[in-house]
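Topology and contacts: notes
One-letter residues, chain by chain:
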Amino acid sequence: MKLTDYKGILVYIEYENKNICQISLELLQEARILADIFYDDVIAVVLGYNIKDIADQCIYYGADIVWYADDILLEEYLTERYTDALEFLVKKIGPSSLLIGSSYQGRDFAPRLAIRLGTGLTADCTELGVKFLGDGIVDPNRGILMTRPTYGGNLIATIVCENHRPQMATVRSSMKVIKDITREGLVKEFFPLLKKSRVKILETIIEKTTEKIISEESVLVVGGNGVGSESMFKELYSLAKILNGGVGVTRTLVEKKWVDHSRQIGQTGTTVRPELYISFGVLGAIQHITGMENSNFIISINKDRNAPVFKFSHVGIVGSVEKILPRLIDRLSK
Ligand SMILES: Cc1cc2nc3c(=O)[nH]c(=O)nc-3n(C[C@H](O)[C@H](O)[C@H](O)COP(=O)(O)OP(=O)(O)OC[C@H]3O[C@@H](n4cnc5c(N)ncnc54)[C@H](O)[C@@H]3O)c2cc1C
């Protein structure tokens, strides 16, 4: 097959309790934008058991075609089986690109699938774009530009998959999700050959938490290494309570074991987009910024006026956490 023969941007759909995950909704939107430039289709794929209604939903979020495999053997996520099913579909329909959320699942099966398909995988992309040949002419091979931080975040690399299809990427999208219930499309079933798995799930333990997940907070008070002490860090919770929000952190505070990974914002944590993001003693490393740069309003407090975080902030306050945080709590609580 020639590269021009591969068509369609395939998006892997993840869901929880019958709801499509945010990461997949954002990817459908991202794929929609690319497909409109290529005059191509957005194709979604859903795997599981009793999932036809999830497949139908994908149309409202930008898919033109949805393929679903409905089989009890796919009821629970298993790396090998999901890889088998996706390999089967990709070989059947020949998409030009395959986009997968940078989630635990996506990161788990994507490399295995890429090897099976004999193609490349760009992991943890923060941006996707269309390859132009110059003079506004779109690459006839539907080439996409896959951008990701590299060398520990010191460089931003844009990668192209020149010779193989599909172009595969795991992506952290930050697209605004658009739902249009008037959209129409095709929903089709496929029947992959599923082998007996060597892996058996013995028990699934669902983490119980009474706290809101950070991506759902509309106000986030965020602590970095510059908060200095654990007692000062606890003060962030007081401020968050006053502002009716939650607390997020940089990876440094997770490494210090002051808080668990579910509160980490960034490339290897959660992507957030609150109405208000207010940081204390956060450097603004690229790996953190990729997880919060689309927040609606960003306020940063840092004692170093050259801290990179200020470049991404609407309001920057040069000063120390220990002076500003208690004053802020005092003022706002009155
Ligand atoms: C592959 C990879 C993935 C990563 N993923 C993530 C990720 O998902 N999320 C993430 O956050 N990081 C991630 N990191 C780590 C990232 O590179 C940075 O090291 C980290 O974000 C820095 O954390 P920080 O801003 O808390 O700390 P520091 O780099 O120590 O910065 C502290 C800041 O606080 C300021 N400060 C110090 N004292 C005070 C004070 N008293 N008052 C006010 N300001 C003060 C300093 O001027 C400085 O700007 C990743 C790194 C790698 C290599």
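What comes next is a walk through the structure. All values derive from a computational prediction rather than experimental measurement.

Procedures and definitions
Residues numbered from 1 in each chain as written. Predicted model: local features only at pLDDT ≥ 70, side-chain atom pairs only at ≥ 80, totals over all residues. Pairing = 2+ DSSP bridges. Helix = DSSP H or I, 4+ residues; strand = E, 2+ residues; numbered from the N terminus. Axes fitted to C-alpha atoms, helices over the stretch in contact; angles between N-to-C directions. Contact = placed C-beta atoms within 7 Å. Near = placed C-beta within 6 Å. Nonpolar A, V, L, I, M, F, W, Y, C, P; charged D, E, K, R; others polar.

What follows covers the sheet that holds strand β7 (residues 121-125). Spatially, the seven strands line up as an open sheet ordered β7-β11-β6-β1-β4-β5-β12, and their pairing is parallel. At either end of the open sheet lies a strand with only one pairing partner, and these are β7 and β12 (186-189). Averaged over neighbouring strand pairs, the angle between their axes works out to 20° when direction is ignored. Here strand β1 (residues 9-12) runs beside strand β6 (residues 97-101); their pairing, made up of three bridges, is parallel. The residue bridging Ile 9 from the neighbouring strand is Ser 97, located in β6. Against the sheet, helix α3 (residues 79-93) engages β1, β4 (42-48), β5 (65-70) and β6, with an angle of about 150° to β4.

With that settled, the discussion passes to the site of the ligand. As a matter of local geometry, the ligand sits amid 29 residues, with Gly 224, Asn 225, Gly 226, Gly 266 and Leu 283 nearest to it. Of all the secondary-structure elements, those providing two or more residues to the shell around the ligand are α6 (251-255), α7 (286-289) and α8 (321-333). Of the residues contributing to the shell around the ligand, the split by class is six nonpolar, 19 polar and four charged.

Right, let's get into the sheet that holds strand β13 (residues 219-223). As summarised here, the arrangement of the five strands in space is β14-β13-β15-β16-β17, forming an open sheet in which the pairing is parallel. In this open sheet, the two edge strands, each paired with only one partner strand, are β14 (246-249) and β17 (315-318). The mean angle between the axes of side-by-side strands here comes to 20°, regardless of whether they run parallel or antiparallel. With four bridges joining them, β13 and β14 adopt parallel strand pairing.

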